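An overview of the molecular structure
Here's the letter readout for the chains.
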Amino acid sequence: MDDRRLTIENTTSSMVYGPSSMVLEVTDLSGIATLQDSGRRGWNKFGVPTSGPMDWFAYQAANSLLDNSPNSAVIELGLGEITFRALRNTTIAVTGAGYEVENYVWTFPLWTTFYVRAGWTVRVKKTSGGNWAYIAIAGGFDSPVIMNSRSTYLRGGIGSALKTGDVLNSFASPKDLIKLAARDFPVDKFMPYSQTPIIEVIPAPQADWFTPEGIRTFYESEYTLSPSFDRMGYRLQGSPIEKAISKELISEGMTMGSIQIPADEQPIVMMADAPTAGGYPKIANVTRADLPLLAQCEAGVSKIRFRETTVEEAQKRTMDSRR
Amino acid sequence: MLKPLGDSSILIQLGDEIDPRLNQRVHALDALLQTIPAITETVPAYCTVLVHYDPLTTTYTEIANLINEKLSLFDESTHRPSHRLEIPVLYGGASGPDLEAVATTLALSPSELIRLHSEREYTVYMMGFTPGFPYMGILDEKLNMPRLSSPRTRVPAGSVAIAGSQTGIYPVDSPGGWHILGHTPLKLFDPMSESPFLFAPGDIVKFIPDHGR
């Protein structure tokens, strides 16, 4: 069966390699699986979150392993497992943390690519040490482009979660599928995922709303991730952070990585589907470089610490890592 | 006043209160900022603008300098030309289930309440909560009501509601704690449309009571 329709493309969306056709059928699924590209930009002022991957590093790696365009849509799998059957030959890459891949008799580690023949069944299986896996496919998944993006935003009714029986399309890759297979992500470029991470943060505009004792607590104690976390935010548990000012904040813009301190004095870190604005004071903001480390922290297991840095230092580190 | 929010955003604070005139300055500044190509997007709110940028192509210092240049050009007289929208509203009944109770609490007749709500022009201070939700004000102070003590689990799209000094319209079915006075048939959010939103922050809105058929 072949669905060789030409996809009508929005000019700002990802590069398209060729006509798209059916490639995978989801045969079993638990947890939450959505399609995500690099995010939906330009709509924050209308109240639409950026969305995109929880772990941008693993997302980018999955596409780069397959020579996909950097904005290609991938499956983001969280808190569960997915099994799918290939409807045609393809090559896939799976990255992230806390998963492994089973393909009949073989088990593959993450951060590799492998060739899949039509009819083969692949299972991305939950282990430990992380929350999110990224499943990229040669050519990139095809799905409707909504407001210039293929990222799913469930609370806003943009796109929908994958479910058993769904059939996914992908674009044709111009590359030889066999040549894309059996690639490993270079070890020296790896993200140092850890269950005892030290996360760099930059003090946020309301940092002076907290007492010196509250600030010390934030930087010197350990936090764990509460089990009730999702793509919107990570609620942390640990020593309460004392406020010096009790007035309410007038709602203002915020971003992925913003750490709000609500009335219960326990931090909430805003994640990929976070509201574009919020009314709790923000003590600090996670650096872009360290967001993947936080995203992959396990509820109740990881011991999270924060370290203060400056915007200048964080940006210098980002630039240096790209040289 | 500029402050970093992480390594990809800058918060510009123009004041520290909910005030229509201050908010108009926010939107005027927001319009000026759209001419800086290195800014990827902005979130104008009550008294702040949050500016997002890409730290892989520029730095905090560069963006802060560009914003300060705009701020130096910016004075009390700078205004953003606003769009003015008229929104038909069917007040009361099944469309506005809280109208009677709000009128009773405020010791107004339902028709007085409708008049006070619909005779003013409101500014869209900011958008958020759900895609396309406009926070508007400022309400006549006679209409100030605290939020519902227990929010509804589902408020239908199109519901026109009040809380505190503000009024708003629910763009999609969602939970909500505001008092529902009426309903508009207009669609505030259509993700499949080329222009998905009816309103933009800074717009001027006037409600037109629809006296039915």
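Everything below is about the structure shown above.
Here's what I pulled together on the structure shown here. (Residues numbered from 1 in each chain as written. Chains lettered and ligands numbered in written order. Predicted model: local features only at pLDDT ≥ 70, side-chain atom pairs only at ≥ 80, totals over all residues. Heavy atoms only, no water.)

Describing the interface of chain A and chain B
Basically, it comes down to this: What makes two residues a contact is simply this: any of their non-hydrogen atoms within 4.5 Å. The salt bridge definition used is simple: a Lys or Arg side-chain nitrogen within 4 Å of an Asp or Glu carboxyl oxygen. By the criterion applied in these results, polar contacts are pairs of N or O atoms within 3.5 Å in which, for protein atoms, one can donate a hydrogen and the other can accept it, and in which residues neighboring in sequence qualify only through two side-chain atoms. Secondary structure counts use DSSP, requiring at least four H or I residues in a row for a helix and at least two E residues in a row for a strand, with both numbered from the N terminus. In the scheme used here, Gly and all other residues not listed as nonpolar or charged are polar, with Ala, Val, Leu, Ile, Met, Phe, Trp, Tyr, Cys and Pro taken as nonpolar and Asp, Glu, Lys and Arg as charged.
Contact with chain A, which involves 41 residues of that partner, is made by 45 residues of chain B. Linking chain A with chain B are two salt bridges. Its salt-bridge partner being B:Asp30, residue A:Lys45 comes within 2.8 Å of it at the nearest N-O pair. Taken together, the links from chain A to chain B amount to twelve residue pairs in polar contact (both at pLDDT 80 or more). Elements with a contribution of two residues or more to the side of chain A that touches chain B: strand 13 (198–203), strand 16 (252–253), strand 20 (282–286) and helix 5 (311–321) of chain A. Per-element accounting of the side of chain A that touches chain B gives the leading share, six residues, to helix 5 of chain A. When its residues are assigned to classes, the side of chain A that touches chain B shows 17 nonpolar, 14 polar and ten charged.

Digging into the side chain of B:Ser159
Residues and elements named next belong to chain B. With respect to the secondary-structure elements, Ser159 resides in strand 9 (residues 159–163). Within polar-contact distance, the side chain of Ser159 engages the backbone oxygen of Pro156 at 2.8 Å. Excluding anything up to four places from it in sequence, Ser159 contacts Gly168, Ile169, Tyr170, Ile180, Gly182 and His183.

Digging into the pattern of salt bridges
Rules: Burial here depends on accessible area, computed with a 1.4 Å probe over protein chains only, as a share of the maximum for the residue type. Under 20% is buried, over 50% is exposed, and the range in between is partly exposed.
A full pass over the atoms with the stated rule returns 28 salt bridges over all chains. A:Glu76 is the salt-bridge partner of A:Arg231, the closest N and O atoms lying 2.7 Å from each other. Highlighted residues: A:Arg231 in the loop between strand 14 (224–225) and strand 15 (233–237) and A:Glu76 in strand 3 (residues 74–78), separated in sequence by 155 residues. In this pair, the class of A:Arg231 matches that of A:Glu76, namely buried. Close ionic contact of B:Arg152 with B:Asp98 constitutes a salt bridge, the shortest N to O distance being 2.7 Å. Linking B:Arg152 in strand 8 (residues 152–155) with B:Asp98 in the loop between strand 5 (84–91) and helix 3 (99–105), this pair joins segments that are 54 residues apart in sequence. With a relative accessible area of 24%, B:Arg152 lands in the partly exposed category.

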